[in-house]
Amino acid sequence: MNPFDALKEKIDHLVESVASGPFIGEITTFTPFIILIFILVVTLVFVAKSQLSLVPKNRFVGVVEFFVDFTKDNIGYGVMGEAAKKHLPFLLTLFIFILVSNLIGIIPGSRAATGTIGTTLPLAAISFLYFTFHGIKAQGGLHYLKSFAPAGLKPAPLAGVIWFLEFFSMLLRLLTLSVRLFANMFAGHLLLGMFSIMTYLFLQPIITAGISAVSVGFSVASLLWFVLLIAMYALEVFVACVQAYVFTLLSSVYVFLATSEH
């Protein structure tokens, strides 16, 4: 098999492997990682809670407190002000679960649970139901529905069009939340796999055929792919943190919009 056929075969296998998640309700290779992440997050929270003190005693508690304060100050209070207090447990759960899922997905041999729509869609649905419930609770069902069009807008047909567009935009949040997170993590995992394949394919000649001018040339190219792979890993760590932040921030904004007079 020539190198190009080998590359195509490995990339096809990679795409099939990364995309082998269900839509909803099936057990796949992603399921054990979702369960693992759930257990890990619950364990981290309970361990950190048991070691809380006025002055952090170890780095682990300090890191956990950093993320708690970051979520509280930049996502909760930064968007909703004092009204964020009762929503912080929800926002913290979202942020920590998504962040841990994203970071575990970068580890070689693991799966990005957030790299399948079967995970991100339920997460988006939970966020959607949460801000809808609190919007109705804060404003009342009828007033919440009326709030999609500005009060006093005339003529009536224009108010109806605006209401429909705003209501449709609200429904689209379910799709945009889930697809944004899924697409970024899926694409990142796919790129890491492709860079790993290219590193292996260019290094293979020197392993199988021994040292020669051609194999040494290929090994130099494999070194370049390896450097790019390391750079991609650093970028993916950054993207993993940013996507957890964006998902939680948007959820916070949607809760604020649903519960406030506007």
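For the structure itself, consult the block above.
Residues numbered from 1 in each chain as written. Predicted model: local features only at pLDDT ≥ 70, side-chain atom pairs only at ≥ 80, totals over all residues. Heavy atoms only, no water.

Visitor: Please explain the overall build of the protein as it appears in this structure.
Guide: Along the backbone of the protein there are eight helices and zero strands. Reading the helices (α) and strands (β) of the protein from amino to carboxyl end gives α-α-α-α-α-α-α-α. Counting over 262 residues, the protein shows a buried share of 36%. Within the structure as shown, the protein displays about 14,900 Å² of accessible surface, and the carbon and sulfur contribution to it stands at 75%. (Helix = DSSP H or I, 4+ residues; strand = E, 2+ residues; numbered from the N terminus. Buried < 20%, exposed > 50% of the residue type's maximum accessible area, 1.4 Å probe, protein only. Areas by Shrake-Rupley, 256 points an atom, 1.4 Å probe, with all protein chains shown as cover.)

Visitor: Got a minute to help me understand the packing of helix H2 (residues 31-50) against helix H3 (residues 59-80) in this structure?
Guide: Helix-helix packing is characterised by the crossing angle of the two axes and by the distance between the axes. Look at H2 against H3: their axes get within 10 Å of each other, and the N-to-C directions meet at 110°. With respect to H3, the axis of H2 lies roughly perpendicular. Two packed elements cross with a definite hand, and for H2 against H3 that hand is left-handed. Contacts between H2 and H3 involve Leu 44, Val 47 and Ala 48 on the former and, on the latter, Phe 60, Val 61 and Val 64. Split into classes, the residues belonging to the contact of H2 with H3 amount to six nonpolar, no polar and no charged. (Axes fitted to C-alpha atoms, helices over the stretch in contact; angles between N-to-C directions. Parallel < 35°, antiparallel > 145°, perpendicular 65-115°, else oblique. Left-handed = near helix turned anticlockwise from the far one by under 90°. Contact = heavy atoms within 4.5 Å. Nonpolar A, V, L, I, M, F, W, Y, C, P; charged D, E, K, R; others polar.)

Visitor: Looking at this structure, how should I read the layout of surface pockets?
Guide: Space left empty within the atom packing is revealed by a probe, the size of a water molecule, rolled over the atoms. Volume-wise, the largest pocket comes out at about 480 Å³. Lining the largest pocket are 20 residues, with Val 41, Val 45, Leu 92, Thr 93 and Ile 96 positioned closest to its centre. Each residue belonging to the lining of the largest pocket can be placed in one class, and the counts come to 16 nonpolar, one polar and three charged. Around the second largest pocket, the lining comprises 13 residues; the ones closest to its centre are Leu 44, Phe 67, Ile 96, Leu 99 and Val 100. Among the secondary structure elements, those contributing two or more residues to the lining of the second largest pocket are H2, H3 and helix H4 (88-106). Of the residues belonging to the lining of the second largest pocket, the class tally is 13 nonpolar, no polar and no charged. (1 Å grid on protein atoms, 1.4 Å probe; cavity = no way out; pocket = protein on both sides within 12 Å on 5 of 7 lines; lining within 4 Å. Points joined across faces, edges and corners; volume = space filled by probe spheres on them.)

Visitor: Would you explain the nonpolar core in this entry?
Guide: Nonpolar side chains in soluble globular proteins generally cluster together in the buried interior. In terms of nonpolar packing, the biggest core is built from 38 residues, with Ile 37, Leu 94, Ile 98, Leu 123, Phe 131, Leu 181 and Phe 247 touching the most fellow members. Taken together, the elements giving at least two residues each to this core come down to H2, H3, H4, helix H5 (117-139), helix H7 (156-208) and helix H8 (213-259). Of all the elements, H4 adds the most residues to this core, at 10 residues. (Core = buried A, V, L, I, M, F, W, Y, C linked by side-chain atoms within 4.5 Å.)

Visitor: Looking at this model, I keep getting lost on empty space enclosed by the protein. Mind explaining?
Guide: Per the stated rule, a full pass over the model turns up two cavities of 30 Å³ or more. In this structure, the largest cavity spans a volume of roughly 40 Å³. Lining the largest cavity are Asn 102, Gly 105, Ile 106, Ala 112, Met 185, Gly 188, His 189, Leu 192 and Glu 236. Taken together, the elements giving at least two residues each to the lining of the largest cavity come down to H4 and H7. Counting residues per element, the lining of the largest cavity draws most heavily on H7, which supplies four residues. Classifying every residue of the lining of the largest cavity gives four nonpolar, four polar and one charged.

Visitor: Can you walk me through the side chain of Glu 236 in this structure?
Guide: Position of Glu 236 among the secondary structure elements: in helix H8. Residues in contact with Glu 236, not counting those within four places in the same chain, are Ile 106, Met 185, Gly 188, His 189 and Leu 192.

Visitor: Would you mind going over the pattern of salt bridges with me for this structure?
Guide: Working definition: two side chains of opposite charge can pair if their charged atoms are close together. Taken as a whole, this structure holds one salt bridge when the rule is applied. The salt bridge partner of Asp 69 is Lys 72, with a shortest N-O separation of 4.0 Å. In this pair, Asp 69 and Lys 72 both sit in helix H3, three residues apart, roughly one turn of the helix. Residue class for Lys 72 comes out partly exposed when judged on its relative accessible area of 30%. (Salt bridge = Lys/Arg side-chain N within 4 Å of Asp/Glu carboxyl O.)

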